[in-house]
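Residues per chain are reported as follows:
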Protein chains: 2
Amino acid sequence: MTVGLGSGSTATLIVRALGDRAADEGLRFIAVATSVATAGLAHGLRITLRELDDVEFLDLNLDGADEVDPQFRLTKGRGGALLREKLVASAARRRATVITPEKRVARLGESSPIPVEVSPIGLHHTERRLRELGPTKTALRLRADGTPFTTDGGNRIIDCWFPPVDDPARLDGLLGKIVGVFETGLFIGLCDVLIVGHEARAEIIENDTNRSPSS
Amino acid sequence: MTVGLGSGSTATLIVRALGDRAADEGLRFIAVATSVATAGLAHGLRITLRELDDVEFLDLNLDGADEVDPQFRLTKGRGGALLREKLVASAARRRATVITPEKRVARLGESSPIPVEVSPIGLHHTERRLRELGPTKTALRLRADGTPFTTDGGNRIIDCWFPPVDDPARLDGLLGKIVGVFETGLFIGLCDVLIVGHEARAEIIENDTNRSPSS
């Protein structure tokens, strides 16, 4: 089995749990990591890693999300790995999103900005065009030391606070049309099952409306 | 006046001509280059250069094209600088495309592949999805030494040979929706005037249908 491993705090818990099961129960699988950080963690847990381009497809992708709406659409990219996360999710036959209950929102944008991965060249021009789409605020993501955050691919992130989004697919299309925008943190059609972690149990909610493009 | 300078063989002639006029006639302007190669050439000719992000907008962009159709839509990117060329053209108030007569085609794709700038991560997956859009052939662009060509932004180019394209805007939208695709060599709404160089004269054809987004 080939498994995609997301990035961020929830994904860290998933990777640790998989590492434990591999060590304790001999669970065998090949993993594709969505960030340098996740790859490092998985490597330390002796999980076998492959590059995305070395696998034909993934059987399962396991990742978190910043927001999930009732149509199983997601906001992701708080951790800055949105492009690789989207690439890996797109290559997976089944996509499971693991969240805590407060991540469920009526409309995307309610609790999180929408991160947009952009070219480092022409950054100000790209940000000006993003602003024309009506966010209440945009901000170039910075590191703790005040220098621009750089993605694993060498790009920048502009966080866009939009009023709660009625039509995420339309917004995603408008964002993607801007020259200099490489990818957005809106994940549409990339969640087949939602796993909601409660205090003492996990709630599993199948997305019956989502037809996987590879099935 | 702030002028965008394209890349490739035609742009090289333009930059040399501008350099001559600056030296001989004292023509003064600030230039934004679309590639490291063009910047180097302009610097050698003592043309004053600025980064795209250091200018608010450009008054004029001067660039070549691989193909131009009757609706002033272009195929560009043979030189591999398509992203920066598109960023600079998008920031310009007036865009002039300088070509030789044989670059005019009835439909884009007749004589040139459509270059697509893609993420180096997940390259095979992205190429597989590009193939699903029906090109007769795709090829990762290589350097003379056989290693992958890398854009100034650190990305890769997949050249896509499509049958002559009836609806370039639609194809551009479909290409852009693929995760891992950063930009395409289809330039739509980015040519305000066509300058066709003939043996002894230049033919100037205004694009009356193109409303500049900044005007």
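We now turn to the structure provided with this report. Bear in mind the structure is a predicted one, so any value in this text is a computation, not a measurement.

**Structural notes on the sheet that holds strand β9 (residues 137-140) of chain A**
Sheets are built from strands paired through backbone hydrogen bonds, the pairs being either parallel or antiparallel.
Residues and elements named next belong to chain A.
Alright, step 1. The strand order across the open sheet built from four strands is β9-β10-β8-β11, with neighbouring strands paired in antiparallel fashion. Lying at the two open borders of the sheet, with one neighbouring strand each, are β9 and β11 (181-184). The average undirected angle you get between the axes of adjacent strands in this sheet is 25°.
Alright, step 2. On the sheet, helix α5 (residues 168-177) packs against β8 (114-118) and β11 and is oriented at approximately 160° with respect to β11.

**Observations concerning the relation of the copies chain B and chain A**
Alright, step 1. Turning chain B through 180° and shifting it by 0.0 Å along the axis lays it on chain A, with an RMSD of 0.0 Å. Taken together, the rotation and translation relating the two chain copies correspond to the operation of a two-fold axis. Within chain B, the C-alpha atom positioned nearest to the axis of rotation is that of Phe-182 of chain B, 2.4 Å from it.
Alright, step 2. Looking at the interface residues of chain B, 100% of them are also at the interface in chain A, so both copies use one shared face.

**Structural notes on the interface of chain B and chain A**
In many analyses, interface size is given as the accessible surface area lost on bringing the parts together.
Alright, step 1. Facing the 27 residues of chain B at the interface are 27 residues of chain A.
Alright, step 2. Carbon and sulfur atoms supply 58% of the area that chain B and chain A bury against each other, a total of about 2,300 Å² over both sides.
Alright, step 3. A salt bridge links Glu-56 of chain A to Arg-128 of chain B; the nearest nitrogen and oxygen atoms lie 3.4 Å apart.
Alright, step 4. Seen at the junction of chain B and chain A, the total is 14 residue pairs in polar contact (both at pLDDT 80 or more).
Alright, step 5. Where the side of chain B that touches chain A is concerned, the elements lending two or more residues are α3 (82-90), α4 (123-131) and β11 (181-184) of chain B.
Alright, step 6. Looking at the side of chain B that touches chain A element by element, the count peaks at six residues for α4 of chain B.
Alright, step 7. For the side of chain B that touches chain A, the residue count by class is 12 nonpolar, eight polar and seven charged.

**Side note on helix α5 (residues 168-177) of chain B**
All names here are of chain B.
Alright, step 1. For α5, the complete set of buried residues consists of Pro-168, Leu-171 and Leu-175. Down the axis of α5, the sector holding all buried residues measures 60°, keeping them to one side. Exposed residues lying more than 90 degrees from the buried face of α5 are Arg-170 and Lys-177.
Alright, step 2. Where α5 is buried, its residues touch β8 (114-118), α4, β11 and β12 (186-187).

**Side note on the packing of helix α1 (residues 9-25) of chain B against helix α2 (residues 36-44) of chain B**
Residue and element names in this part refer to chain B.
Alright, step 1. The interhelical angle for the contact between α1 and α2, taken along N-to-C directions, is 20°, at an axis separation of 9 Å. Classified by the angle their axes make, α1 and α2 are roughly parallel. Regarding α1 and α2, the two cross each other, and that crossing is right-handed. Each of Thr-12, Val-15 and Arg-16 in α1 lies in contact with α2, whose residues at this interface are Thr-38, Leu-41 and Ala-42.

**Focus on the packing of aromatic side chains**
Alright, step 1. As enumerated under the stated definition, the model contains one aromatic pair over all chains in all.
Alright, step 2. Measuring from ring centre to ring centre gives 3.8 Å for Phe-182 of chain A and Phe-182 of chain B, while their planes differ by 10°; the resulting arrangement is stacked. Here the residue Phe-182 of chain A occupies a position in strand β11, and Phe-182 of chain B occupies one in strand β11, the pair thus bridging two chains.
Alright, step 3. The cationic tip of Lys-137 of chain A hangs over the ring face of Trp-161 of chain A; the distance from NZ or CZ to the ring centre is 4.4 Å.
Alright, step 4. Over the ring of Phe-57 of chain B we find Arg-93 of chain B, and its NZ or CZ is 3.5 Å from the ring centre.

**So, the environment of Arg-129 of chain A**
Alright, step 1. On the secondary structure map, Arg-129 of chain A appears in helix α4 (residues 123-131).
Alright, step 2. Along the chain, Arg-129 of chain A and Leu-175 of chain A lie 46 residues apart, while their C-alpha atoms are 9.0 Å from each other.
Alright, step 3. In this structure, Arg-129 of chain A is in contact with Ile-178 of chain A together with Ser-90 and Ala-91 of chain B, ignoring residues within four places of it in sequence.

**Quick notes on the sheet that holds β11 of chain B**
All names here are of chain B.
Alright, step 1. Here we have four strands laid out as an open sheet, ordered β9-β10-β8-β11, and antiparallel in their pairing. Pairing within the sheet leaves two strands with one partner each, and these edge strands are β9 (137-140) and β11. Taking each pair of neighbouring strands and ignoring which way they run, the sheet shows an average axis angle of 25°.
Alright, step 2. In the sheet, β9 pairs with strand β10 (residues 156-161) via four bridges, with the strands oriented antiparallel. Within β10, the residue paired with Thr-138 across the bridge is Cys-160.
Alright, step 3. The strands touched by α5 are β8 and β11; relative to β11, the strand with the most contacts, the crossing angle is about 160°.

**Some points on unusual backbone geometry**
Among all residues save glycine, negative phi is the norm, and among peptide bonds the norm is trans.
Alright, step 1. Although it is not a glycine, Arg-46 of chain A sits at a positive phi angle of roughly 65°.
Alright, step 2. By secondary structure assignment, the location of Arg-46 of chain A is in the loop between α2 (36-44) and β3 (48-49).

**Here's the deal with the nonpolar core**
Alright, step 1. In this structure, Val-32, Leu-52 and Leu-58 of chain A together with Val-32, Leu-52 and Leu-58 of chain B are the most contacted members of the largest nonpolar core, which totals 22 residues.
Alright, step 2. Elements with a contribution of two residues or more to this core: α3 (82-90) of chain A together with α3 of chain B.
Alright, step 3. What Val-32 of chain B contacts, discounting residues up to four positions off in sequence, is Thr-2, Val-3, Gly-4, Leu-5, Arg-50, Glu-51, Leu-52, Val-55, Leu-58 and Val-88 of chain B.

What counts, and at which threshold
- Residues numbered from 1 in each chain as written.
- Chains lettered and ligands numbered in written order.
- Predicted model: local features only at pLDDT ≥ 70, side-chain atom pairs only at ≥ 80, totals over all residues.
- Heavy atoms only, no water.
- Pairing = 2+ DSSP bridges.
- Helix = DSSP H or I, 4+ residues; strand = E, 2+ residues; numbered from the N terminus.
- Axes fitted to C-alpha atoms, helices over the stretch in contact; angles between N-to-C directions.
- Contact = heavy atoms within 4.5 Å.
- Least-squares fit on C-alpha atoms with pLDDT ≥ 70 in both.
- Buried area = accessible area lost by both parts, 1.4 Å probe.
- Salt bridge = Lys/Arg side-chain N within 4 Å of Asp/Glu carboxyl O.
- Polar contact = N/O pair within 3.5 Å; in protein donor to acceptor, adjacent residues only side chain to side chain.
- Nonpolar A, V, L, I, M, F, W, Y, C, P; charged D, E, K, R; others polar.
- Buried < 20%, exposed > 50% of the residue type's maximum accessible area, 1.4 Å probe, protein only.
- Arc of directions from axis to C-beta.
- Parallel < 35°, antiparallel > 145°, perpendicular 65-115°, else oblique.
- Left-handed = near helix turned anticlockwise from the far one by under 90°.
- Phe/Tyr/Trp six-rings, centres within 6.5 Å; stacked < 30°, edge-to-face > 60°.
- Lys NZ or Arg CZ within 6 Å of the ring centre and 35° of its normal.
- Core = buried A, V, L, I, M, F, W, Y, C linked by side-chain atoms within 4.5 Å.

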